[in-house]
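The primary structure of each chain is shown beneath.
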There are 2 protein chains.
Amino acid sequence: MEFRDHFPVWDKLTAAERQRLSDASFSRSAEKGTVLHDGSDCTGLLLIRSGRIRGYILSPEGREITIYRLFERDICMLSASCIMNSLQFDITIETEADTELWVIPPDAFRDVMQQSAPLANYMNEIMGTRLSEAMWRIEQILWKSMDKRIAAFLLEESVIEESTALHITHETIANHLGTHREVVTRLMRYFQSDGLVRLSRGTVELLDKKKLRALCDE
Amino acid sequence: MEFRDHFPVWDKLTAAERQRLSDASFSRSAEKGTVLHDGSDCTGLLLIRSGRIRGYILSPEGREITIYRLFERDICMLSASCIMNSLQFDITIETEADTELWVIPPDAFRDVMQQSAPLANYMNEIMGTRLSEAMWRIEQILWKSMDKRIAAFLLEESVIEESTALHITHETIANHLGTHREVVTRLMRYFQSDGLVRLSRGTVELLDKKKLRALCDE
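If you're wondering where the values come from, they're calculated on a predicted model, not measured in any experiment.

J.: Got a sec to walk through the interface of chain A and chain B? Specific residues and values, please.
T.: At the interface, 48 residues of chain A touch 48 residues of chain B. For the pairing of chain A and chain B, the buried interface totals around 3800 Å² over both sides, and the portion due to carbon and sulfur atoms is 66%. Ranking the residues of chain A by area buried against chain B places Pro60, Leu131 and Met135 of chain A at the top, with a combined share of 18%. Viewed at the interface, chain B and chain A are joined by zero salt bridges. Applying the counting criterion to the chain A and chain B interface returns 14 residue pairs in polar contact (both at pLDDT 80 or more). For the side of chain A that touches chain B, the secondary structure elements donating two or more residues are β5 (64-70), α3 (106-115) and α4 (117-161) of chain A.

This is the structure we're talking about:
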């Protein structure tokens, strides 16, 4: 497979634009666990031939928070933040498997994107995907704590009631925790699909207290 | 001021593109507190003539989490998520002041953006800004809990030491909380600028325990 077979919107570029991109780009191999890009330096765009990469930021506790994962044929543009003034944040990009990729230097890409509506629109779609992922991550982080709080509440109720079968509605749990019934219902369904609880009308049965406790301690 | 004076990259559009946009767009006034867009419906792009708007999502507790604010001459494109397949999330957009704006219907905008490299590139810059803001928000949310934990730790230490002047280094606090010294130092500086503590070599003086307690309870 050649560069042109992997490059998106290739058939919508002019001959000169294609030339500019393929002349500038070069291939690279990276073993699993290689940091391809760190912080805000301008590595270039990464077009994945095979393998897998991920972008992450560090939490204050030093945990790695994955923001997105990319696979074959995906383009990573956050490693080329210098192509856009508005991209102002640091991210670490690392291979999660042995990876083959093409590196498209930022200057060549920017030159073509400035004049090519198809490429600029394609970039918009990628940016939209990254933005949607970031928004989803925000929700997950916000919901995460509710997830723990519900687990802790269920365990507490189980001690109080001296039973693993709790006769309690989602509405009541929501009122206890100062949230909405919909939130409790959504999270309880996740719990159920993970085998933590079994739900039936007006009853929550705790199936795996150990896992619920582990969730609280995460 | 006319539409063309507010519209970005106007002078880089063709006559036909300008016509398409100005024919389709219309002006609207909205009082402070008006919801301009809710969820994932496709209201159109909003170009602000005057006033202020913000985009927010709801936390599981029903708190409003502001993702971005926009001012005069800014364009809000998350109210037109249908123009891009990749934009997949719900956001509420509300005026924070009496606001005058132009609404650009999604079809007209998409048609012009598809063929105009300058407009598509401009959109990329806006998307980059929104993405940077979302990433910054993730950091803030992650850091927020550390902020509480440090406040709680300082209050606890103060009880243990029976003093408001704690002889403790940032390194030690970091070790207690499983984080890095840099994180503690950064947050302690915020605390100091908010009048919660006074920092000097090897000492942290608690100036406002009430505020520190409030921070823990937030």
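There is more to say, and it comes next.
J.: Outline the packing of α3 of chain A against α4 of chain A, supporting the account with residue identities and numerical values.
T.: All names here are of chain A. Direction vectors running N to C along α3 and α4 enclose 110°, while the axes themselves pass 5 Å from each other. What the angle tells us is that α3 and α4 run roughly perpendicular. Contacts from Phe109, Val112, Met113 and Gln115 in α3 reach Ala117, Leu119, Ala120 and Met123 in α4. Broken down by class, the residue content of the contact of α3 with α4 amounts to seven nonpolar, one polar and no charged.

J.: Account for the sheet that holds strand β4 (residues 53-58) of chain A, with residues named and values stated.
T.: Strand order in the open sheet made by the four strands is β2-β7-β4-β5 (chain A), with antiparallel pairing throughout. Of all the strands in the sheet, just β2 (35-37) and β5 of chain A have a single pairing partner and so form its edges. The mean angle between the axes of side-by-side strands here comes to 35°, regardless of whether they run parallel or antiparallel. Of the strand pairs in this sheet, β4 of chain A and β5 of chain A are connected by six bridges, and their pairing is antiparallel. Across the sheet, the residue bridging to arginine 54 of chain A is arginine 69 of chain A, located in β5 of chain A. The sheet strands contacting helix α4 (residues 117-161) of chain B are β4 and β5 of chain A, and the helix crosses β4 of chain A at an angle near 50°.

J.: Tell me about the nonpolar core, and name the residues and values.
T.: Counting residues in hydrophobic clusters, the biggest one holds 140 residues, and the most contacted among them are Phe7 of chain A together with Phe7 of chain B. Once residues lying within four places of it in the same chain are set aside, the contact partners of phenylalanine 7 of chain B are Leu13, Leu21, Leu47, Ile75, Ile104, Phe109 and Leu119 of chain B.

J.: So, the packing of aromatic side chains: which residues are in play, and what are the values?
T.: Aromatic ring pairs are reported here in terms of the distance separating the ring centres and the angle at which the planes meet. The final tally for this structure, using the stated rule, is eight aromatic pairs over all chains. For the ring pair phenylalanine 3 of chain B and tryptophan 102 of chain B, a centre distance of 5.6 Å and an interplane angle of 75° mean the geometry is edge-to-face. Here the residue phenylalanine 3 of chain B occupies a position in helix α1 (residues 3-6), and tryptophan 102 of chain B occupies one in strand β8 (residues 99-104), the gap between them amounting to 99 residues. Here the aromatic cluster, defined as three or more aromatic residues joined through ring pairs, consists of Phe3, Phe7, Trp10 and Trp102 of chain A. When the ring centre of tyrosine 68 of chain A is taken as reference, the NZ or CZ atom of arginine 130 of chain A above it lies at 4.7 Å.

J.: Could you give an account of the layout of surface pockets, naming the residues involved and the relevant values?
T.: It is the rolling of a water-molecule-sized probe over the atoms that shows where space remains empty. One number sums up the size of the largest pocket: a volume of about 1600 Å³. Lining the largest pocket are 48 residues, and of these Ile141, Leu142, Lys144 and Ser145 of chain A together with Ile141 of chain B lie nearest its centre. Those elements that provide at least two residues to the lining of the largest pocket are β5, α4, α6 (181-193) and α7 (209-217) of chain A together with α4 and α6 (181-193) of chain B. The element contributing the most residues to the lining of the largest pocket is α4 of chain B, with 13 residues. Grouping the amino acids of the lining of the largest pocket by side-chain chemistry returns 20 nonpolar, six polar and 22 charged.

J.: So what's going on with unusual backbone geometry? Which residues, and what values?
T.: Residues and elements named next belong to chain A. Located in the positive-phi region is arginine 73, a residue other than glycine, with phi close to 75°. Within the element layout of this structure, arginine 73 appears in the loop between β5 and β6 (75-76). Assessed through its relative accessible area of 38%, arginine 73 is described here as partly exposed.

J.: Which residues make up empty space enclosed by the protein, and what values go with them?
T.: A full pass over the atoms with the stated rule returns one cavity of 30 Å³ or more. Within this model, the largest cavity holds a volume of roughly 40 Å³. A class-by-class count of the residues in the lining of the largest cavity yields four nonpolar, three polar and no charged.

J.: Tell me about the pattern of salt bridges, and please be specific about residues and values.
T.: Throughout the structure, instances matching the rule amount to 14 salt bridges over all chains. Across the pair glutamate 205 of chain A and arginine 198 of chain A runs a salt bridge, and its minimum N-O distance is 3.1 Å. Look at arginine 198 of chain A and you get partly exposed, because its relative accessible area is 46%. Close ionic contact of arginine 130 of chain B with glutamate 133 of chain B constitutes a salt bridge, the shortest N to O distance being 2.9 Å. Remark: glutamate 133 of chain B and arginine 130 of chain B occur in helix α4; sequence separation between them is three residues, near one turn of the helix.

Scoring rules and cut-offs
- Residues numbered from 1 in each chain as written.
- Chains lettered and ligands numbered in written order.
- Predicted model: local features only at pLDDT ≥ 70, side-chain atom pairs only at ≥ 80, totals over all residues.
- Heavy atoms only, no water.
- Contact = heavy atoms within 4.5 Å.
- Buried area = accessible area lost by both parts, 1.4 Å probe.
- Salt bridge = Lys/Arg side-chain N within 4 Å of Asp/Glu carboxyl O.
- Polar contact = N/O pair within 3.5 Å; in protein donor to acceptor, adjacent residues only side chain to side chain.
- Helix = DSSP H or I, 4+ residues; strand = E, 2+ residues; numbered from the N terminus.
- Axes fitted to C-alpha atoms, helices over the stretch in contact; angles between N-to-C directions.
- Parallel < 35°, antiparallel > 145°, perpendicular 65-115°, else oblique.
- Nonpolar A, V, L, I, M, F, W, Y, C, P; charged D, E, K, R; others polar.
- Pairing = 2+ DSSP bridges.
- Core = buried A, V, L, I, M, F, W, Y, C linked by side-chain atoms within 4.5 Å.
- Buried < 20%, exposed > 50% of the residue type's maximum accessible area, 1.4 Å probe, protein only.
- Phe/Tyr/Trp six-rings, centres within 6.5 Å; stacked < 30°, edge-to-face > 60°.
- Lys NZ or Arg CZ within 6 Å of the ring centre and 35° of its normal.
- 1 Å grid on protein atoms, 1.4 Å probe; cavity = no way out; pocket = protein on both sides within 12 Å on 5 of 7 lines; lining within 4 Å.
- Points joined across faces, edges and corners; volume = space filled by probe spheres on them.

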